[in-house]
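Residue-level structural notes
Residues per chain are reported as follows:
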Amino acid sequence: SQGYTVEFDIRNYQSDTLIVGNYFGEKQLVKDTLISKNKSKFVWTPEKRPEQGMYLVLLKPENTFVQFLVNDRDKKFSLNFDAKDLLNIKIKGSEENQLFYDYLTFLKDKRVLADTLRAKIDRAKKENKEDKVSDEQLDKLENEVKKYQSEFIAKYPESLVTMLIRANLDIEIPEFTGPEDTIKYRRYYYYKKHYFDNINPTHPALIRMPFLHQKVDYYVNKLSNQQPDSLVHTIDFVLNWLEPNPEAYRYYLADFLNKYAQMKMVGYDALYVYLVDNYYTKGKASWVNEENLKKMKENADDLRPILIGKKMPDIITYKEDKTPVRLLDIKSPYTVVIFWAPDCGHCKKIMPAVVDFYKKNKDKGVTMLGI
């Protein structure tokens with residue numbers, strides 16, 4: 001650990017156990033378990049220097065927690081706090097963590113004022129009135145926060161706190177002119193294109209910061225069209241952005257693969273096949289062993305011919321009199337293939353509608369093959 005030490009002095013804490021963990025993408029991972037003899041002082045001396053990022057200590061049995069930052073400069077520091085009042089943390093030996101808690105205190109104080117002003121404005125609206133004084137005070141307060149953040153970033157450009165602040169800044173969208181619908185779409189595409197501008201994808205702390213997964217999740221699931229053809233481009237964009245950061249790239253490539261392998265929505269299996277074909281089989285996931293890679297390829301090979309938009313593989317089935325029926329022998333403008341079972345509850349509900357659909361459309365060139 002090269003002498004790396006973090007001390008925790010906790011008042012009013014009855015347990016002799018303290019859990020140290022860190023953020024990692026969507027998860028919080030346990031890093032160490034600390035045992036104290038006097039139930040108030042805990043010392044963390046990891047075997048090797050911990051990776052940069054946001055860490056936390058979990059208090060038992062309530063599972064409340066206190067956060068702290070690990071950078072590439074600090075070697076020994078301490079956190080002193082009361083288990084019944086986790087908002088007041090005293091730091092010794094770490095400018096990084098002192099800045100972090102100073103910033104949190106600043107935000108907390110401003111948030112209380114902002115909430116009070118918003119409540120006044122809302123009350124005035126309900127009475128069909130306008131509270132100009134509170135509006136002006138709220139604008140002034142927001143400008144104070146922006147000024148504080150701007151000055152902090154300029155003064156401490158290498159700080160992890162700066163990384164946190166920048167990641168949560170709004171993207172400034174330029175003014176566009178033209179028809180309202182055109183402006184709306186130009187704003188959207190600009191925002192999406194520049195969504196990650198305030199985050200440095202190469203920083204080694206990135207995967208261990210609490211904001212990353214929220215940002216990626218919002219970009220993929222809220223900011224992007226949820227059709228597989230569109231999501232392919234979204235996933236490529238995220239992975240290309242993260243490629244200079246091996247830890248974050250590996251995490252999200254695996255995360256996307258697992259997510260779309262398990263998704264039950266029709267059509268999303270195309271994303272699994274795309275990831276296997278364009279990343280895993282092309283050597284962009286060097287950590288996967290040959291056995292697992294072979295299974296992925298086999299799964300993708302099974303799915304590829306039956307993806308939406310692909311020509312359906314030929315099927316030979318049989319009538320009750322054993323006469324064979326070959327799918328590709330059916331000559332029809334529209335062929336509907338339905339797989340069903342007489343003891344399937346969903347099938348029992350839907351089959352009357354299927355029969356009705358066929359009767360209404362058979363004269364329009366619809367042929368139905370029920371298996």
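Described in the following lines is the structure provided in the data block. What you are looking at is a predicted structure, and each value in this text was computed from that prediction instead of being measured.

Some remarks on the overall build of the chain
Counting secondary structure elements, the chain contains ten helices and twelve strands. For 371 residues, the compact-globule estimate of 2.2 N^0.38 gives 21 Å, and the chain exceeds it by more than 25% at 29 Å. Considered along the principal axes of its C-alpha atoms, the chain spans approximately 85 × 60 × 40 Å. Taking as baseline every contact in the chain between residues at least 6 positions apart, the subset at least 24 positions apart corresponds to 58%. When the accessible surface of the chain is summed, it comes to about 23300 Å², and 51% of that surface belongs to carbon and sulfur atoms. Computing the positive centroid from 59 side-chain charges and the negative centroid from 54, the chain places the two 2 Å apart.

Some remarks on the environment of leucine 164
Position of leucine 164 relative to the elements: it lies in helix α3 (residues 160-167). Assessed through its relative accessible area of 13%, leucine 164 is described here as buried. Distance from leucine 164 to glutamine 52, taken between C-alpha atoms, is 13 Å for residues 112 residues apart in sequence.

Some points on the nonpolar core
The biggest cluster of nonpolar side chains holds 83 residues, and the ones touching the most others in it are Phe8, Phe68, Leu79 and Phe256. Sort the elements by how many residues they give to this core and helix α7 (residues 246-262) lands first, with eight residues. Setting aside anything within four residues of it in sequence, one finds phenylalanine 256 in contact with Val216, Val220, Ile235, Val238, Leu239 and Leu275. Grouped together as the second largest cluster of nonpolar side chains are five residues, Ala114, Leu117, Ile121 and Leu138 included.

Details of the pattern of salt bridges
Summed over the entire model, instances satisfying the criterion amount to 16 salt bridges. Its salt-bridge partner being aspartate 72, residue arginine 73 comes within 3.1 Å of it at the nearest N-O pair.

A look at the packing of helix α6 (residues 228-242) against α7
Any two packed helices are characterised by the angle at which their axes cross and by the distance between the axes. At a minimum axis distance of 8 Å, the contact between α6 and α7 shows a crossing angle of 160°. When the interaxial angle is binned, α6 and α7 end up roughly antiparallel. Every pair of crossing elements has a handedness; the one defined by α6 and α7 is left-handed. Along the contact surface, α6 presents Leu231, Ile235, Val238, Leu239 and Leu242, while α7 presents Ala248, Tyr249, Tyr252, Leu253, Phe256 and Tyr260. Of the residues belonging to the contact of α6 with α7, the class tally is eleven nonpolar, no polar and no charged.

Considering α3
Note on helix geometry: an α-helix contains 3.6 residues per turn, so any two residues three or four positions apart are oriented the same way. With seven of eight residues buried, α3 lies mostly within the body of the structure. Those residues of α3 that sit buried are Leu160, Val161, Thr162, Met163, Leu164, Ile165 and Ala167. Looking at the packing, one finds that the buried side of α3 touches β5 (53-59), β6 (64-70), α1 (95-126), α2 (132-155) and α5 (211-221). In this structure serine 159 caps α3, since a side-chain oxygen of it lies 2.9 Å from the backbone nitrogen of valine 161.

Reading guide: rules and limits
Residues numbered from 1 in each chain as written. Predicted model: local features only at pLDDT ≥ 70, side-chain atom pairs only at ≥ 80, totals over all residues. Heavy atoms only, no water. Helix = DSSP H or I, 4+ residues; strand = E, 2+ residues; numbered from the N terminus. Rg over C-alpha atoms; globule rule 2.2 N^0.38 Å. Contact = heavy atoms within 4.5 Å. Areas by Shrake-Rupley, 256 points an atom, 1.4 Å probe, with all protein chains shown as cover. Lys, Arg positive; Asp, Glu negative; His and termini not counted. Charge placed at Lys NZ, Arg CZ, Asp CG, Glu CD. Buried < 20%, exposed > 50% of the residue type's maximum accessible area, 1.4 Å probe, protein only. Core = buried A, V, L, I, M, F, W, Y, C linked by side-chain atoms within 4.5 Å. Salt bridge = Lys/Arg side-chain N within 4 Å of Asp/Glu carboxyl O. Axes fitted to C-alpha atoms, helices over the stretch in contact; angles between N-to-C directions. Parallel < 35°, antiparallel > 145°, perpendicular 65-115°, else oblique. Left-handed = near helix turned anticlockwise from the far one by under 90°. Nonpolar A, V, L, I, M, F, W, Y, C, P; charged D, E, K, R; others polar. Polar contact = N/O pair within 3.5 Å; in protein donor to acceptor, adjacent residues only side chain to side chain.

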